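Residue-level listing of the chains:
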Amino acid sequence: MAIHRPIVTHDPENSETPLGEMRSWVTPNVFFFVRNHFDEPDVAASAWRLQVHGQVRAPRVWMWEELVALPERTVFATMECAGNGRSFLHPIEPGVQWGAGAVGHAEWTGVPLASVLERSRPLSDALEILCEGADSGSEPDHPQPMRFARGLPLAKAMHPDTLLAFRMNGEPLTRSHGAPVRLIVPGWYGVCSVKWITRLEVLDETFQGYFQSNKYTIRRRDNGGQRTVRLMRMPVKSQILRPGPNTDLEPGVNRISGIAWAGEEAVAGVEVSVDGGGTWQRAALVGPQAPYSWALWEYLWEVSRPGEYALVCRATSAAGETQPTEHDPLRGGYMINFLRPHPVRIVGAGKAAESWGDATAHLNVMAHQAEEFAHKRLDLEMDSEFTDGGGI
Ligand SMILES: Nc1nc2c(c(=O)[nH]1)N[C@H]1C(S)=C(S)[C@@H](COP(=O)(O)O)O[C@H]1N2
Ligand SMILES: [Mo]
């Protein structure tokens, strides 16, 4: 069986994690979704420079050898694109028409962004760090070429878990994921984690760049009116991995498995409904549970009656936040974590569809399968049913 990273747009590449095939807590690098706004720049480590300037006492340019000589830190974090799930919205929202797979979970290694910033001694009025990538291009509503850039509030920039990362799951970053160095902002939407990073400017004001003023914003109700807010933290969300949507299953015990994440929070619990959200049962969290990281979960569904069923999953964060029933239109094509039915059919009169061992045995199987996937050749699916979504 060939495994694909399904392509949503070719040029630039926007491709999904093949969620239905994933069995491991971490997403193997070749299957980790790719979200590019512009052509991928080719930046060799030897030629890479990181300029640090702006509201600092000691501006500086870093070279690769200097960066990797600093003390390392490793963080596990789930990364989701703020537009993940956009193709499920009605009416259609413009932008890349993502299915459910613009999300992945990896082990990121690098040096804390704070280690680099501190050495330039930011001034006391520092408010945000402008983080710029080496990639550039234009958008339909912004014809002048621009770099990909985001402003990161100072407190998050100085948090020890915010990394200038150069390894992903123990391997050097690939070009698609931002080689040689990218930002990792754990718990926040993927757009904050600037790839191919080459410039940090300490600002004493809020950055108003395209990718956080024109795009990646939502509207919020505020005192009877509305205001525009920038997207940063990921809210709580869950997704069924298996069975896939529209699968035919047999009567008996069927295992429903999935993932759930809650940004900076840990996941407190996941519930599953087999009747479209009418009644809920608790799923079991399996494997590691940590802040920033998705949790794997499963539910053993005993079913005898053939027919159509609407599976739904719903996660709750450690802070008690849970997923909304419907998509708030003020969110436009972003922040899509509403409860979405996952149809399956029970057909025939077989017995249990899958045998079931204990959690440890199951995790061993997952680890084994992940190992196998890591050695499989990657086939990119070259036919896309979707059109290029422009800059969203
Ligand atoms: N320089 C640069 N950084 C970027 C982007 C980009 O287009 N250019 N895309 C962002 C978005 S929207 C997401 S969701 C993540 C995706 O990271 P990945 O491609 O490694 O999955 O990278 C972010 N960082
Ligand atoms: Mo994104």
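Here the structure is shown first, and the text comes after it.
Residues numbered from 1 in each chain as written. Chains lettered and ligands numbered in written order. Predicted model: local features only at pLDDT ≥ 70, side-chain atom pairs only at ≥ 80, totals over all residues. Heavy atoms only, no water.

Caption draft 1: Fine view of the overall build of the chain. For the chain, the count of helices and strands is 5 helices and 26 strands. Counting all 392 residues of the chain, 53% fall into the buried class. For the chain, the accessible area works out to roughly 16,900 Å², and carbon and sulfur atoms hold 51% of it. (Helix = DSSP H or I, 4+ residues; strand = E, 2+ residues; numbered from the N terminus. Buried < 20%, exposed > 50% of the residue type's maximum accessible area, 1.4 Å probe, protein only. Areas by Shrake-Rupley, 256 points an atom, 1.4 Å probe, with all protein chains shown as cover.)

Caption draft 2: Examining the side chain of serine 238 more closely. Summarising the element assignment, serine 238 is placed in strand S17 (residues 237-242). By relative accessible area, serine 238 is classed as buried at 7%. At 2.6 Å, the side chain of serine 238 forms a polar contact with the side chain of glutamine 323. Filtering out sequence-adjacent residues up to four positions away, serine 238 remains in contact with Ile259, Ala260, Trp261, Trp297, Cys313, Arg314, Ala315 and Gln323. (Polar contact = N/O pair within 3.5 Å; in protein donor to acceptor, adjacent residues only side chain to side chain. Contact = heavy atoms within 4.5 Å.)

Caption draft 3: Just the packing of aromatic side chains, in detail. Applying the stated criterion across every chain yields a total of 11 aromatic pairs. Considering the side-chain rings of tryptophan 261 and tryptophan 294, the 6.4 Å spacing of their centres and the 55 degrees angle between planes classify their relative orientation as tilted. Linking tryptophan 261 in strand S19 (residues 252-261) with tryptophan 294 in the loop between strand S22 (284-286) and strand S23 (295-303), this pair joins segments that are 33 residues apart in sequence. Each member of the pair, tryptophan 261 as well as tryptophan 294, is classed as buried. Here the aromatic cluster, defined as three or more aromatic residues joined through ring pairs, consists of Phe32, Phe33, Trp98 and Trp108. (Phe/Tyr/Trp six-rings, centres within 6.5 Å; stacked < 30°, edge-to-face > 60°.)

Caption draft 4: Expanded view of the side chain of threonine 78. Among the secondary structure elements, threonine 78 is positioned in strand S7 (residues 73-80). Setting aside residues no more than four positions away along its own chain, threonine 78 makes contact with Val103, Gly104, His105, Met234, Trp261, Tyr292, Ser293 and Trp294.

Caption draft 5: Region of the structure containing the sheet that holds strand S24 (residues 307-317). The 5 strands are arranged S18-S25-S24-S20-S21 in an open sheet whose pairing can be described as mixed. Edge positions in the sheet fall to strand S18 (247-249) and strand S21 (281-282), since each has one partner strand and no second. Of the pairings in the sheet, the one linking strand S20 (residues 267-273) to S21 comprises 2 bridges and is antiparallel in character. Looking across to S21, one finds that glutamate 271 is bridged to arginine 282. (Pairing = 2+ DSSP bridges.)

Caption draft 6: Highlighting the sheet that holds strand S6 (residues 60-63). With respect to topology, 5 strands assemble into an open sheet ordered S6-S5-S14-S9-S10, the strand pairing being mixed. The open sheet is flanked by S6 and strand S10 (142-153), the only strands paired with a single partner. Neighbour to neighbour, the strand axes of the sheet diverge by 25 degrees on average, direction disregarded. (Axes fitted to C-alpha atoms, helices over the stretch in contact; angles between N-to-C directions.)

Caption draft 7: Expanded view of the site of ligand 1. Near ligand 1 you find 20 residues, and of these Phe33, Asp135, His177, Arg182 and Lys195 are the closest. One nitrogen or oxygen atom from the side chain of histidine 177 is found 2.7 Å from an oxygen atom belonging to ligand 1. Between an oxygen atom of ligand 1 and a side-chain N or O atom of lysine 195, the distance comes to 2.5 Å. For ligand 1, the protein covers 100% of the area, taking 530 Å² as the surface of the free molecule. (Near = heavy atom within 4 Å.)

Caption draft 8: Structural detail: the nonpolar core. In this structure, Leu50, Trp108, Val116, Leu164, Leu183, Ile197 and Leu200 are the most contacted members of the largest nonpolar core, which totals 73 residues. Per-element accounting of this core gives the leading share, 5 residues, to strand S11 (residues 163-168). Taken domain by domain, this core gets at least three of its residues from each of domain 1 (3-230) and domain 2 (237-356). Discounting residues that sit within four places of it in the chain, leucine 183 has contacts with Leu113, Cys131, Leu152, Thr162, Leu163, Leu164, Cys192, Ser193, Val194 and Ile197. Counting 22 residues, the second largest nonpolar core, distinct from the first, contains Ala283, Trp297, Val303 and Ile346. (Core = buried A, V, L, I, M, F, W, Y, C linked by side-chain atoms within 4.5 Å. Domains from an automatic or database assignment.)

Scope: geometric values only; no functional claims are made or implied.
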